[in-house]
Amino acid sequence: MTDETITISFGRGHLPLSLPAIVRPTIIRKQALPKIVDQPAAITAALNEPIGSPPLAQLARGRNSACILICDITRPVPNRLFLRPMIQAMIGAGIPRDKIIVLIATGLHRPNLGDELAELVGDPWVLENVRVENHYARNEEDHIDLGPTRTRGTPVKLDRRFVEADLRIATGLVEPHFMAGWSGGRKVIAPGVAHHETIRTFHSARFMEDPLAVQCNLIGNPLHEEQLEIVRMLGDVYGLNTVLDEDRDLVCVTFGEIIASHAAAVAYVSEVTQIASPRKFSTIVTSSAGYPLDKTYYQTIKGMVTPLDILEPGGTLIIASECSEGFGSAEFREAQARLVDLGPERFLATLTAKNLAEIDEWQTEMQLKPMRLGRVELYTTGLSGDDRMLTGVHMIDDIGKAIERSIAKSGDTAVAIIPEGPYVVPRFAA
């Protein structure tokens, strides 16, 4: 055993690793960022000194309605910090309280209701004073058709509650995203409050298999470019973006014109999130970043894709994810069943001719990437029975023994450990 106790994110806490004595661990995590001591003051300063727009109080003046988008429960956005001051500024500027709505950008995820809704919003005052509603991508009547994008012909249908609002603000978390480059900003609009046809177009193979549709890349990324075009089709939209450290504490907040404020947050976090590695590893141990991202196996796949740049071909990728809520949607389960039945190559062949992806099969498509490169092993406490078989990966009950087997196979005792999973992007730098 190594003397140091090493832990990785798991559920609402951390999972200690029992490493074999021969292991030479390399721990890969984000560079430390200075915590914001006075978080309310930082929020106020961002709203009063925005990027590329007037202050919020000025923006709200003369408006009759407002819609604030927030991410769903799968993202640990600190909504409790900024929703009330934003809403109070709007009310103070004259927008009627009953004309302000907080809209949960669920994409095609399930709605957030009851206790989960209270946890997501994080401030009872907000729930008591304004409407808080979920987006439902499959409700035809809830959307306005803006026509196709000029560049790639993506059908653009967005939630009318957002489109028709006088003041439109998207809020979110800026972190690496394995297709769109970075989360937050424009992504909270599409796919966040988009119709299922828009979302399924984004997730079709022509986007998903594009080599530029990868984490931390915005240049030439077809998803990002389509999202920017959708923002321009909408007109004036503003964004509040947050950046969190490994302790989930706020380290950066930006507000302003949606593209400019998002770019500023990306610039802040980009270098500290992408970590250079002088070598590749035959054994990698990572996580699904803990709660709330590791609530389902569906979200777990993100953690399998992020470290691939430093995985030796034929190596072993070990991922720990609690999966406290189980597998994922019925559609995702069906896609995984087809993967297990057909195998990776035949499964991919069924996708490439489609203009519209089937709901949630895109995550299965992303799982093909680590499966092409090496062996994927999953440690979880939340899956049982058929769910374990439907993952399509190798199930393990002991991470230490899995590491031993991987080392015996490769003959290499160096092991990369990524405690925060997909929130950190290792880069091979020879």
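Residues numbered from 1 in each chain as written. Predicted model: local features only at pLDDT ≥ 70, side-chain atom pairs only at ≥ 80, totals over all residues. Heavy atoms only, no water.

## So, the sheet that holds strand 18 (residues 394-396)
Cut-off, in case you're wondering: Note on pairing: two strands pair once DSSP finds at least 2 bridges between them. A run of DSSP states H or I qualifies as a helix once it reaches four residues; a run of E qualifies as a strand once it reaches two. Both are numbered from the N-terminal end. Angles run from 0 to 180 degrees between N-to-C directions of axes, and those axes are lines fitted to C-alpha atoms, restricted for helices to the stretch in contact. The contact rule is simple, with two residues in contact once any of their heavy atoms fall within 4.5 Å.
With parallel pairing, 6 strands are arranged side by side in an open sheet as 3-19-15-16-17-18. The open sheet terminates on both sides in strands that have one partner only, identified here as strand 3 (24-27) and strand 18. The average undirected angle you get between the axes of adjacent strands in this sheet is 25°. In this sheet, strand 19 (residues 414-418) lies alongside strand 3 in parallel orientation, the contact comprising 4 bridges. Bridge pairing in strand 19 places Ile27 opposite Ile417. Contacts between helix 14 (residues 361-373) and the sheet are confined to strand 16 (311-320) and strand 17 (375-379), with strand 16 contributing the most and set at about 130° to the helix.

## Considering helix 4 (residues 114-121)
Defined as follows: Categorising residues by exposure relies on relative accessible area from a 1.4 Å probe, with only protein chains included: less than 20% of the type maximum marks a residue as buried, more than 50% marks it as exposed, and the intermediate range marks it as partly exposed. Here the arc refers to the set of directions running from the helix axis out to each C-beta atom.
Among all positions of helix 4, only Glu116, Leu117, Leu120 and Val121 are buried. The buried residues of helix 4 occupy an angular sector of 130° when projected down its axis, which confines them to one face. The elements touched by buried residues of helix 4 are strand 4 (66-71), helix 3 (79-92), strand 5 (100-105), helix 5 (124-129) and strand 6 (131-134).

## Things to note about the packing of aromatic side chains
Convention followed: When two rings of Phe, Tyr or Trp (its six-membered ring) have centres within 6.5 Å they constitute a pair, described as stacked for plane angles under 30 degrees, edge-to-face for angles over 60, and tilted for the intermediate range. Charge-over-ring placement is defined geometrically: NZ (Lys) or CZ (Arg) within 6 Å of the ring centre, and within 35 degrees of the ring normal.
Considering all chains together, one arrives at 6 aromatic pairs under this definition. For the ring pair Tyr298 and Phe332, a centre distance of 5.2 Å and an interplane angle of 85° mean the geometry is edge-to-face. Taken together, the residues span a long stretch of sequence, with Tyr298 in helix 11 (residues 297-305) and Phe332 in helix 12 (residues 330-342) at a distance of 34 residues. Phe332 sits in the buried class, given a relative accessible area of 0%. Three or more aromatic residues joined by ring pairs form one cluster here, namely Tyr297, Tyr298, Phe327 and Phe332. Lying over the aromatic face of Tyr291, Arg12 brings its terminal NZ or CZ to 3.7 Å of the ring centre. Against the face of Phe281 rests Arg279, its NZ or CZ located 4.8 Å from the ring centre.

## Some details on the pairing of strand 17
Along a regular strand, successive side chains alternate from one face of the sheet to the other. When you tally the buried positions in strand 17, you get 4 out of 5 residues, the bulk of the element. Bridge count between strand 16 and strand 17: 5 bridges; the pairing is parallel. Note on strand 17: the bridge partner recorded for Thr316 is Arg375. Examined bridge by bridge, strand 17 and strand 18 share 3 bridges and lie parallel to one another. The residue of strand 18 that forms the bridge with Leu378 is Met395.

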